[in-house]
Amino acid sequence: VAFGPDGRLYVIDGDALHVVVIDQGGRFVRTLGEPGEGPGSLVWPTGLVVSDEGEVVVLDSARRRWVRFGPEGEVLDGIALADDAPIPRGPLALDASGRLLGTRDDVVEGTGARVVLLHAVDPDARQEASATVWTAWRPVTPEGRALTAEETGGLTVRLPPLVGFHPDVHAVPLPDGRFVIADSTDYHLRVVDDEGTVTRRLSRPDVPVAVTEALRDAERDRRRLELEADPPAMMVSNAEGQAVGASDDPIVRLERARIDAMGFHDVVPVVAGLMVDPDARLWVLRTGETPGAPGPIDVYDRDLEPIGSLPATVGGRPAALGSEGRVAHVTFDEFGAPVVRVSRWVR
């Protein structure tokens, strides 16, 4: 979900494989993209941003490319990700120079440092160029239980293990060209310039909560409920390297087994996300008291001075921030269908 400069809302519909555009009155405007192979088509859209000029850039993870649409919905082009760049995870944002920021690294295994990348989409070069904004520490991956042949249907599974309470790296760009980065389980935010130099720190004395067996059970239950409400649309590669959809039933059974076998980190991360609204206010989303529950939200002004905190009971975790205090949330109705609601935050 993302807001445009004109107050319109842009929502990725991952089942229909297009982006729905909605005006400020909640009325349908148009869709962007469609399934298929032609210009403007989408296979697995996982993120989008809208520029100040109204250009929409959609990340198609299956094809490792950015798909660009003009302000009136016209297809502009598709630009390949850099060969050595990982697919961005989590929310996307535009920095002061119009470059795309991959705002979270949630790869749970591997070696070496984790990086926060800027993706400079260059239409003339037909391929992006990437730059590292920040290099973060990589936590040790907790060991989970190995899956049995019965759980995998006799297949050799090469998926990363599921890990609970992984300390994600969060990053957002500020209008002045700096970035705010959270890369650990405590409330310690670094403000860095474009050369990676820390210019300021924001912190709170929040102590991470130790993960107990009750929290492990609650996290497994939460993931099972999420799986039932929104079964995964899994994309795999065939022998020719083409991205194709996988049958739902085996994938759901496999995901249930992965949840049962998942490992856990020792503490619950304090920071759940970072956001910046069009008025340059920084929103720091904290984790809640139970797995998956939203916590309080700390709001800072454009000078990074604290304004105050929204309690966890107000609205939940935002999906997007727009002009004039608009806040979008994604919830689920009684049938498990996602619902996007827009409210307004008043200081």
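Scroll up to find the structure.
In this report, we go over the structure that sits alongside the text. Within every chain, residues take consecutive numbers counted from 1 along the sequence as written. Where local features are concerned, this predicted model is filtered to residues with pLDDT of at least 70; where side-chain atom pairs are given and counted, the filter is 80 or more; whole-chain, interface and lining totals use all residues. Computation of side-chain values: all heavy atoms of the structure, hydrogens and water removed.

1. A word on the sheet that holds strand β25 (residues 294-300)
The strands that make up a sheet are held in pairs by hydrogen bonds between backbone atoms, and each pair lies either parallel or antiparallel. We call two strands paired when DSSP finds no fewer than two bridges between them. Strands here mean DSSP runs of E at least two residues long; helices mean DSSP runs of H or I at least four residues long; both are numbered from the N terminus. Ordered by their spatial adjacency, 4 strands build an open sheet running β23-β24-β25-β26, and the pairing between neighbours is antiparallel. Each of the sheet's edge strands pairs with one partner strand only, and the pair in question is β23 (271-276) and β26 (306-310). Neighbouring strand axes in the sheet, compared pairwise and without regard to direction, differ in orientation by 20 degrees on average. Bridge count between strand β24 (residues 282-287) and β25: 5 bridges; the pairing is antiparallel. Across the sheet, residue Val-284 finds its bridge partner in β25, namely Asp-298. Angles shown run from 0 to 180 degrees and are taken between the N-to-C directions of axes, each axis being a line fitted to C-alpha atoms and, for helices, limited to the stretch in contact.

2. Observations regarding the sheet that holds strand β29 (residues 338-344)
What the 3 strands build is an open sheet, ordered β27-β28-β29; its pairing is antiparallel. The sheet is open, and its two borders are formed by β27 (320-321) and β29, each paired with just one other strand. Note: strand β28 (residues 326-332) against β29, 7 bridges, orientation antiparallel. Bridging across to β29, Phe-332 finds its partner in Pro-338.

3. Section: the environment of Pro-208
Inspection of the secondary structure assignment puts Pro-208 in the loop between β17 (198-203) and β18 (209-210). Only protein chains enter the accessibility calculation, which uses a 1.4 Å probe. A residue is then buried if its area is under 20% of the maximum for its type, exposed if over 50%, and partly exposed in between. For Pro-208, a relative accessible area of 26% gives the class partly exposed. On a C-alpha basis, the gap between Pro-208 and Pro-269 in space is 6.3 Å, while along the polypeptide they are 61 residues apart. Ignoring anything within four residues of it in the chain, the contact list for Pro-208 reads Thr-185, Val-267, Val-268 and Val-270. Whether two residues are in contact is decided by their heavy atoms, any of which lying within 4.5 Å being enough.

4. Observations concerning the pairing of strand β8 (residues 75-80)
Consecutive residues of a regular strand have side chains that alternate between opposite faces of the sheet. Where strand β7 (residues 65-69) meets β8, 5 bridges bridge the pair, whose relative direction is antiparallel. By the bridge assignment for β8, Phe-69 is matched with Val-75. The hairpin formed by β7 and β8 contains 5 residues between the paired strands, and Gly-73 there has a positive phi angle of roughly 90 degrees.

5. Quick word on the nonpolar core
To define a nonpolar core, start from buried Ala, Val, Leu, Ile, Met, Phe, Trp, Tyr and Cys residues and group those joined through side-chain atoms within 4.5 Å. Within the largest apolar cluster, 15 residues are counted, with the highest numbers of intra-cluster contacts made by Val-180, Tyr-187, Leu-189, Val-271, Leu-274, Leu-282 and Val-284. Looking at this core, the elements that each hand over two or more residues are β15 (179-182), β16 (188-192), β23 and β24. Grouped together as the second largest cluster of nonpolar side chains are 12 residues, Tyr-10, Val-19, Leu-42 and Val-50 included.

6. Structural notes on the pairing of strand β5 (residues 45-50)
Burial runs high along β5: 5 of the 6 residues are buried. Of the strand pairs in this sheet, β5 and strand β6 (residues 56-60) are connected by 5 bridges, and their pairing is antiparallel. Each residue of the ladder has a partner; that of Val-49, found in β6, is Val-57. Following β5, the chain reverses through 5 residues before pairing antiparallel with β6; Gly-54 in that reversal takes a positive phi of roughly 90 degrees.

7. Topic: the packing of aromatic side chains
Centre distance within 6.5 Å is the pairing criterion for rings of Phe, Tyr and Trp, where only the six-membered ring of Trp is used; planes under 30 degrees apart are then read as stacked, over 60 as edge-to-face, and the remainder as tilted. The tally for this structure, following the rule as stated, stands at 2 aromatic pairs. Each ring, one from Phe-165 and one from Phe-264, has its centre 6.0 Å from the other, and the planes form 40 degrees; the classification is tilted. Of this pair, Phe-165 sits in the loop between β13 (163-164) and β14 (169-173) while Phe-264 is found in strand β21 (residues 263-264), placing the two residues 99 residues apart along the sequence. For Phe-264, a relative accessible area of 11% gives the class buried. Any Lys NZ or Arg CZ that is within 6 Å of a ring centre and within 35 degrees of that ring's normal is treated as a charge sitting over the ring. Over the ring of Tyr-187 we find Arg-204, and its NZ or CZ is 5.8 Å from the ring centre.

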